[in-house]
Amino acid sequence: MTDAPRAPRRLILLRHGQTEYNADNRMQGQLDTELSELGRSQARAAATALVGRRPISIVSSDLRRAYDTAVEVGDNAGLPVQIDERLRETHLGDWQGLTHLDVDARAPGARATWRGDATWAPPGGESRIDVARRSKPVVAELVEKHEDWAEKPVVLVAHGGLIAALTAALLDLPVDRWPVLGGLGNTSWVQLSAYGNPDSLHWRLDVWNASASVASDVL
């Protein structure tokens, strides 16, 4: 006889609610911005939607916009929020605090290059490869920690750039294909499922940009 296949592990990656920087098309990176009033409302709505999934663990970036979003989910689910700074957004170097128009004026074409090349980093910042390298171990550690992890999800609350990089890395996409994953709206989420044994997991993309429209700050 062979062992019955175990249920897949569900992983939900939730983007934080809107900030004033998002509303103004300003590059945040690792600047520690706060949720706007709309962002707080979005966080409450996302919490209401996700609590029905009965998450077993919630882990958040330490940046306030993600942590405050995660607390809304945790309070609704009756779970504490763990913090992991490896889930911080991409460091955007010299671009942090600038609007999209500011960057385009200083370096015409640079944002398009950045969007299309996961190995390219803004001056003084990180590439998506760098972001995936620091965040992927978080998932591996959660797999090891939660032996009973199955269809009730683990929720990671983070940032659009990190979620795209981490998703591409978990799916083992060729690096030149990472840009196929488009932008995420505020408090939209991604769901992935992992199949197999902990030492040989295969990840599948179930949902991308759920329950949200794409916001202008990620286009």
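Definitions and limits used
- Position numbers for residues start from 1 in each chain and track the written sequence from start to end.
- Under the rules for a predicted model, residues below a pLDDT of 70 receive no local features and side-chain atom pairs below 80 are neither given nor counted, while totals for whole chains, interfaces and linings still include all residues.
- Computation of side-chain values covers all heavy atoms of the structure but excludes hydrogens and water.
- Axis lines are fitted to C-alpha atoms, over the contacting stretch for helices. Their N-to-C directions set the angle, which ranges from 0 to 180 degrees.
- Secondary structure elements follow DSSP: runs of H or I of four or more residues count as helices, runs of E of two or more count as strands, with numbering from the N terminus.
- If you view the pair so one helix is near and one far, a crossing is left-handed when the near helix is turned anticlockwise from the far one by less than a right angle, and right-handed when it is turned clockwise.
- Residues count as neighbours in contact if any of their non-hydrogen atoms are within 4.5 Å of one another.
- Throughout this entry, Asp, Glu, Lys and Arg are counted as charged residues, while Ala, Val, Leu, Ile, Met, Phe, Trp, Tyr, Cys and Pro are counted as nonpolar. The remaining residues, Gly among them, count as polar.
- UniProt positions are given in the numbering used here, feature names are shortened, and annotations may be inferred rather than shown by experiment.
- Burial here depends on accessible area, computed with a 1.4 Å probe over protein chains only, as a share of the maximum for the residue type. Under 20% is buried, over 50% is exposed, and the range in between is partly exposed.
- The term polar contact refers here to a pair of N or O atoms within 3.5 Å; inside protein, the definition further demands a hydrogen-donor-capable atom paired with an acceptor-capable atom, and it admits residues adjacent in sequence only when both atoms are side-chain atoms.
- Scored from 0 to 100, pLDDT reflects the predictor's confidence in each residue.

As recorded in an unreviewed UniProt entry, the protein chain goes by Phosphoglycerate mutase family protein and comes from Rhodococcus wratislaviensis NBRC 100605.

### A word on the packing of helix H2 (residues 37-51) against helix H3 (residues 64-77)
Across the interface, H2 lies against H3 with an axial gap of 8 Å and an inter-helix angle of 40°. In this structure, H2 meets H3 at a crossing whose hand is right-handed. Contacts between H2 and H3 involve Arg40, Ala43, Arg44, Ala47, Thr48 and Val51 from the first element and Asp68, Thr69, Glu72, Val73, Asn76 and Ala77 from the second. Its residues assigned to classes, the contact of H2 with H3 comprises five nonpolar, three polar and four charged.

### Observations regarding the environment of Leu79
Mapped onto the fold, Leu79 is located in the loop between H3 and strand E3 (81-83). Sequence separation between Leu79 and Ile56 is 23 residues, and the spatial gap between their C-alpha atoms is 7.8 Å. Those residues in contact with Leu79 that lie beyond four places of it in its chain are Pro55, Ile56, Ser57, Ile58 and Gly74.

### Structural notes on the UniProt feature "active site" (unreviewed entry) in the protein chain
Listed under "active site" (unreviewed entry) in the UniProt record, and renumbered for this structure, are His16 and Glu89. In three dimensions, the annotated residues from a span of 74 residues occupy one location, with a maximal C-alpha spread of 10.7 Å. Looking at the element boundaries, His16 is found in the loop between strand E1 (9-15) and helix H1 (20-23). For His16, a relative accessible area of 2% translates into the label buried. What His16 contacts, discounting residues up to four positions off in sequence, is Asn22, Gln28, Arg65, Ala66, Thr69, Ala158, His159, Asn186 and Thr187. Within the structure, the side chain of His16 is placed 3.4 Å from the side chain of Arg65, a separation counted as a polar contact.

### Some thoughts on the confidence of the model for the protein chain
Mean pLDDT over the protein chain stands at 93; residues scoring 70 or higher make up 94%. Between residues 213-219, whose pLDDT stays under 50, and residues either more than four places distant or in other chains, the model counts 22 contacts.

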